[in-house]
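Structural overview
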Amino acid sequence: MFSLADRMNLVSESITLKVSAKAAALKKAGVDVVGFGAGEPDFDTPSFIKEAAKAALDKGQTKYTPTPSIPELKQAIADKFNRENGLPYKPENITVGAGGKHCLYMAFMAILNPGDEVLIPAPYWVSYPDQAKLAGGVPKIIKGEEKNGFKITPDQLEKAITPKTKVFIINSPSNPAGHAYTPEELKGLADVITKHPNVVVFSDEIYEKLIYDGLKFASFATLNPKLIEQTLTFNCHSKSFAMTGWRVGYIGGPKHVIDAINKLNSQMTSHITSFCQMPAALALNDPRGAESIAQMREQFEKRAHHMHKRLTALPKVTCVKPMGAFYCFPNIGAYIGKKAGDTQITDAVSFSAALLEQAHVAVVPGNDSGFDDHVRLSFATSMEQIDKGLDRVAEFLKKLG
Ligand SMILES: Cc1ncc(COP(=O)(O)O)c(C=O)c1O
């Protein structure tokens, strides 16, 4: 058999996908599994956006478009950044990719040289380290402490920066812990970064709209006038407009970086699906877009409170309060070393496997996010499912000996 590229050894097999595959197999076999694994809203894409896609097809918007997308979409994104985030991007500062994930990957590819270090605060979204490695980078994890709500401090950031540091990733609100920085906390990190002009910030702002308890959102590049030239701002339609499957993501950044990414993408995917582009522009421009976000956010906020209350009522479980996104990330460390039937619990993976097999609740182990004693529960599901699943978790924990 012929061999594969060495770079394939850089990519780890996703534990998350293994757990989801097992949950799917159980469901298929007729087992009533409560799923807390979802990384996507349980709401449908707003109908005015779907109608716009049908209209785009009928109008024949089915051909190639420019790589960074049609002018209307670039303009709508630039307007959104100016209006909602105070970011003075022009259309030339914008490019569009197939979801936030593709945008991040292209940016790593355009920026990293072999050996460049990428600073990633933990807990982190699973794809950052592997994407950085594929682009030749070396991930350096800065561990957020649970007692600080997982937020890293300016001091931790300063200490992590070396002459090899090229990228600093900040994701607030965050996947997997739902933690979010206040504008003042972000300013503390921004002040460190501006002392290091060779460091590029990747600000992953895809959960900006899903933020709770009156917390104010701030785009990282607005926190210091120097940062607009030092930051790439990532966003997408996936979470805020419940459009995960549409694959619409975008980047705002300095023109020379955007040009480089466009050059790269012109040899990769060319552009995103043509008939998704007008609807994506409409989502940003039309007031109904903001209305649907507000409705979804309100539901998520109620669920965030409810799930957090129930999790922290479980014996020996601690959980940082989610301030954004749609995840809770409880610490199940007290149960490591216990037995679930014949299964020895050694970390979050064995905990999650036993929970799925014995209590039929699917959660995501935190190992891929830098924490092997935490699990992620998504509240992108109904209140009824949250209660049903957490009743089962409570019973499961009681039985651990
Ligand atoms: C923090 C974070 N960044 C980026 C992405 C990628 O988003 P998309 O689905 O648009 O590729 C995700 C998806 O879960 C995420 O949680």
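Residues numbered from 1 in each chain as written. Predicted model: local features only at pLDDT ≥ 70, side-chain atom pairs only at ≥ 80, totals over all residues.

Here we take up the site of the ligand. Around the ligand there are 13 residues in total, and Gly99, Gly100, Lys101, Asn175 and Ser238 lie nearest to it. For the shell around the ligand, the element with the highest residue contribution is helix 4 (residues 99-111), accounting for three residues. Taken together, the residues of the shell around the ligand sort by class into three nonpolar, eight polar and two charged. (Near = placed C-beta within 6 Å. Helix = DSSP H or I, 4+ residues; strand = E, 2+ residues; numbered from the N terminus. Nonpolar A, V, L, I, M, F, W, Y, C, P; charged D, E, K, R; others polar.)

You can see cysteine 328 is positioned in strand 9 (residues 327-328). Taking the C-alpha atoms as reference, cysteine 328 lies 5.8 Å from arginine 376; in sequence the two are 48 residues apart. Apart from the residues within four sequence positions on either side, cysteine 328 is in contact with Gly178, Met307, His308, Leu311, Cys319, Pro322, Leu377 and Phe379. (Contact = placed C-beta atoms within 7 Å.)

This part takes up the pairing of strand 6 (residues 200-204). With five of five residues buried, strand 6 is to be regarded as a mostly interior element. Side chains of strand 6 alternate between two faces, with Val200, Phe202 and Asp204 and Val201 and Ser203 buried alike. Crossover handedness for the path strand 5 (residues 165-171) to helix 7 (residues 183-193) to strand 6: right-handed. The pairing of strand 6 with strand 7 (residues 231-236) spans four bridges and is parallel. When the bridges of strand 7 are listed, serine 203 appears paired with threonine 233. (Buried ≥ 20, exposed ≤ 12 C-beta atoms within 10 Å, placed from the backbone. Right-handed = clockwise from strand over helix to strand, strands pointing away. Pairing = 2+ DSSP bridges.)

Now for the sheet that holds strand 13 (residues 364-365). Backbone-to-backbone hydrogen bonds join strands into a sheet, with any given pair of strands oriented parallel or antiparallel. Taken in spatial order, the three strands of this open sheet run 9-14-13, and their pairing is antiparallel. Of all the strands in the sheet, just strand 9 and strand 13 have a single pairing partner and so form its edges. Note: strand 13 against strand 14 (residues 375-378), two bridges, orientation antiparallel. Bridge assignment links proline 365 to a residue of strand 14, and that residue is valine 375.

It is worth spelling out helix 10 (residues 287-312) at this point. Between the first and last C-alpha of helix 10 there are 38 Å, a value that for 26 residues agrees with the 38 Å anticipated at 1.5 Å per step. Burial in helix 10 covers these residues: Gly289, Ser292, Met296, Phe300, Arg303, Ala304, Met307, His308, Arg310 and Leu311. Buried-residue contacts for helix 10 involve helix 9 (277-285), strand 9, strand 14 and helix 12 (383-399). (Expected span 1.5 Å × (residues − 1).)

The domain architecture assigned to the protein chain consists of domain 1 (6-44 + 290-399) and domain 2 (63-286). Computed over C-alpha atoms, the centres of domain 1 and domain 2 are 26 Å apart. Counting residues at the interface gives 33 residues for domain 1 and 31 residues for domain 2. Those elements giving two or more residues to the side of domain 1 that touches domain 2 turn out to be helix 10 and strand 9. In terms of residue class, the side of domain 1 that touches domain 2 is made up of 17 nonpolar, nine polar and seven charged. (Domains from an automatic or database assignment.)

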